[in-house]
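One-letter residues, chain by chain:
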Amino acid sequence: MDELLADLLRWCDTGAAVGLATVVGTWHSAPYPIGTAMLVAPDGAMTGSVSGGCVEAALYEACQEVLRTGRPSLLRYGVTGDDALEAGLTCGGTIEVFVERVDRAGSPWVAVLAEAVRSAAPVAVLTCVRGTPEQRGRRIVAGPDTHHGTFGDTRLDRAAVDAGRRLLAAGESARVDLSSDGRAEPVSVLVRAYVPSPRLIVFGAVDVAAELARFGSALGYRVTVCDARPVFATARRFPLAQEVVVDWPHRYLAGEARAGRLDARTAVCVLTHDEKFDVPVLRLALEDLDLSFVGALGSRRTHHDRLGRLRAAGVGESALARLASPIGLDVGGRTAAETALSIAAELVAVRHGRSGGRLRDGSGSIHG
């Protein structure tokens, strides 16, 4: 649960209302993706950001206004015009932001969302951001098998829930434009997917693992550090890991797979430098599991030797091609923190389908 969602649920629990501004559309070099939000609390405190500072002041006022009136609005911000005081984006992009009042009495979906999040169940919140005045701001909360709420139109509800579940299965948030089917206005629905945090499993209770746990937690991963040596695998050494496990790496990973606690978003980083640990766990991760990332620490010589041992253990070439080794991007890291930073950077690059080169040497979209 991120800070903004925690604040939203906390204020709604007290019965107070908050102003919520959510990015529902982006074009060109928009700074943040669809689903990013900022919240203005009753005491005037602000949580979150939608543009890195370009339009927050204007949206702060818009949130204050919606708290007074209760009337939601759809605002668009593009490149700043000639007026120096005009709110706009300096990056050349355009964003559309839905601003609304949220409170427990008028927003029964909040309680459904809170229960799903607290029980770590995947759920999508579907918000009608463009449609008739009666539809705008209405929500449906959809899980894999159930949903609550309505937009006031059975066919629209069905189409929106189907789209929401597809995005929820992918763990993605997006805006969906639905066919009007003769309705007076086209309908746009923001699907905001709330899924349990992806897992980052780090094998090897070494100094790099402690720094990687710090970066992984900041990136939104639920971090596990596992090592067969109890003297090294202690919670005190890894305070930012969500769990520290004493077990053989391959045995732990196999147990998590059998329990259904791994998925296609799970990343595995092997930092052990010891063939009796790394060969069995890498063989399992590469040959038998559908994971987002499998990487192993070591020099190029270590990598070459490790490939030989994995081939001898029966790992095929297609599986070996999935191995990110030597792990990390080429930033010249030497210290534990620098090495962990290079690994974290590779995790981000892989997540977004990027190669990890220098931005100044590229020509495409920075955020796309």
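The paragraphs below set out a description of the structure included in this document. (Residues numbered from 1 in each chain as written. Predicted model: local features only at pLDDT ≥ 70, side-chain atom pairs only at ≥ 80, totals over all residues. Heavy atoms only, no water.)

A count of helices and strands for the protein gives ten helices and 16 strands. By principal-axis analysis of the C-alpha atoms, the protein measures approximately 65 × 50 × 40 Å. By the burial criterion, 45% of the 368 residues in the protein qualify as buried. Of the contacts made within the protein by residues no fewer than 6 positions apart, 58% connect residues no fewer than 24 positions apart. (Helix = DSSP H or I, 4+ residues; strand = E, 2+ residues; numbered from the N terminus. Buried < 20%, exposed > 50% of the residue type's maximum accessible area, 1.4 Å probe, protein only. Contact = heavy atoms within 4.5 Å.)

The next thing to look at is the environment of Val-281. Mapped onto the elements, Val-281 comes out in helix H7 (residues 275-288). Measuring from C-alpha to C-alpha, the distance between Val-281 and Tyr-252 comes to 9.0 Å, with 29 residues separating the pair along the chain. In this view, Val-281 contacts Phe-203, Pro-249, His-250, Leu-253 and Val-270; residues no more than four positions away in its chain are not counted.

Of all five residues in strand S11 (residues 199-203), five are buried; the element is thus mostly enclosed. Once you follow S11 into helix H5 (residues 207-218) and on to strand S12 (residues 222-227), the crossover reads as right-handed. Both S11 and strand S14 (residues 267-270) contribute to a ladder of four bridges, which runs parallel. Note on S14: the bridge partner recorded for Val-202 is Cys-269. (Right-handed = clockwise from strand over helix to strand, strands pointing away. Pairing = 2+ DSSP bridges.)

Listed in full, the buried residues belonging to helix H3 (residues 109-118) are Trp-109, Val-110, Leu-113, Ala-114, Ala-116 and Val-117. The arc that holds the buried residues of H3, viewed along the axis, is 165°, so those residues lie on one side. Across from the buried face of H3, at angles greater than 90 degrees, the exposed residues are Ala-111, Glu-115 and Arg-118. Next to the buried residues of H3 lie helix H1 (3-13), strand S5 (94-102), strand S6 (123-130), strand S7 (139-142) and strand S10 (187-194). (Arc of directions from axis to C-beta.)

Okay, the pattern of salt bridges next. Going through the model one piece at a time under the given rule, you end up with 20 salt bridges. We note a salt bridge from Glu-256 to Arg-261, for which the minimum N-O separation is 2.9 Å. (Salt bridge = Lys/Arg side-chain N within 4 Å of Asp/Glu carboxyl O.)

A few words now on the sheet that holds strand S1 (residues 18-27). Read from one edge to the other, the open sheet built from five strands follows the order S3-S2-S1-S5-S4, with strand pairing classed as antiparallel. With partners counted over all chains shown, the strands left at the sheet margins are strand S3 (46-48) and strand S4 (73-77), one partner each. For this sheet, the mean inter-axis angle between neighbouring strands, taken without regard to orientation, is 20°. With nine bridges connecting them, S1 and S5 associate as antiparallel partners. Following the sheet pairing, Thr-26 is matched in S5 by Ile-95. The strands that helix H2 (residues 56-69) touches are S1, strand S2 (37-40), S3, S4 and S5; relative to S5, the one it contacts most, it runs at about 30°. (Axes fitted to C-alpha atoms, helices over the stretch in contact; angles between N-to-C directions.)

Further remarks concern the nonpolar core. In terms of nonpolar packing, the biggest core is built from 26 residues, with Leu-200, Val-202, Val-223, Cys-269 and Leu-271 touching the most fellow members. Where this core is concerned, the elements lending two or more residues are S11, H5, S12, S14 and helix H10 (336-351). Ignoring anything within four residues of it in the chain, the contact list for Leu-200 reads Leu-212, Gly-216, Tyr-221, Arg-222, Val-223, Thr-224, Ala-267, Cys-269 and Leu-347. (Core = buried A, V, L, I, M, F, W, Y, C linked by side-chain atoms within 4.5 Å.)

Here Glu-100 shows up in strand S5. Separated by 2.4 Å, the side chains of Glu-100 and Arg-139 make a polar contact. (Polar contact = N/O pair within 3.5 Å; in protein donor to acceptor, adjacent residues only side chain to side chain.)

What follows deals with the packing of helix H6 (residues 249-258) against H7. For any two helices packed against each other, one specifies the crossing angle of their axes together with the interaxial distance. Packing of H6 against H7 leaves a shortest axis separation of 8 Å and a crossing angle of 25°. With respect to their mutual orientation, H6 and H7 come out roughly parallel. Residue-level contacts link Pro-249, His-250, Leu-253 and Ala-254 of H6 to Phe-277, Pro-280, Val-281, Leu-284 and Ala-285 of H7. Within the contact of H6 with H7, the residues separate by chemical class into eight nonpolar, one polar and no charged. (Parallel < 35°, antiparallel > 145°, perpendicular 65-115°, else oblique. Nonpolar A, V, L, I, M, F, W, Y, C, P; charged D, E, K, R; others polar.)

All told, the structure shown has two aromatic pairs when counted by the stated rule. Judged by centre distance (6.4 Å) and plane angle (70°), the ring pair of Phe-203 and Tyr-252 falls under edge-to-face. Taken together, the residues span a long stretch of sequence, with Phe-203 in strand S11 and Tyr-252 in helix H6 at a distance of 49 residues. This pair shows no difference in class: Phe-203 is buried, exactly as Tyr-252 is. Plain terms: the ring middles of Trp-248 and Phe-277 are 5.0 Å apart, the flat faces sit at 50° to each other, and that makes the pair tilted. You can see Trp-248 sitting in the loop between strand S13 (243-246) and H6 and its partner Phe-277 sitting in helix H7, a full 29 residues away along the chain. The class of Trp-248 is partly exposed, set by a relative accessible area of 32%. Classification of Phe-277 by relative accessible area gives buried; the value is 8%. (Phe/Tyr/Trp six-rings, centres within 6.5 Å; stacked < 30°, edge-to-face > 60°.)

Remark: H5 packs on H10, axes separated minimally by 8 Å, with the N-to-C direction vectors making an angle of 50°. In terms of orientation, H5 and H10 fall into the oblique class. In terms of crossing hand, the pair formed by H5 and H10 is right-handed. Here Asp-207, Val-208, Glu-211, Leu-212, Arg-214 and Phe-215 of H5 lie close against H10, whose contacting residues are Ala-336, Ala-337, Thr-339, Ala-340, Leu-341, Ile-343 and Ala-344. (Left-handed = near helix turned anticlockwise from the far one by under 90°.)

Our next topic: the side chain of Thr-224. Structurally, Thr-224 is set in strand S12. When its relative accessible area of 0% is taken as the criterion, Thr-224 is described as buried. Here Glu-243 takes part through its side chain, which lies 2.6 Å from a polar atom of the side chain of Thr-224. Beyond its immediate stretch of four places on either side in the chain, Thr-224 contacts Arg-199, Leu-200, Ile-201, Val-202, Glu-243, Val-245 and Tyr-252.

Purely geometric numbers; function is a separate question.
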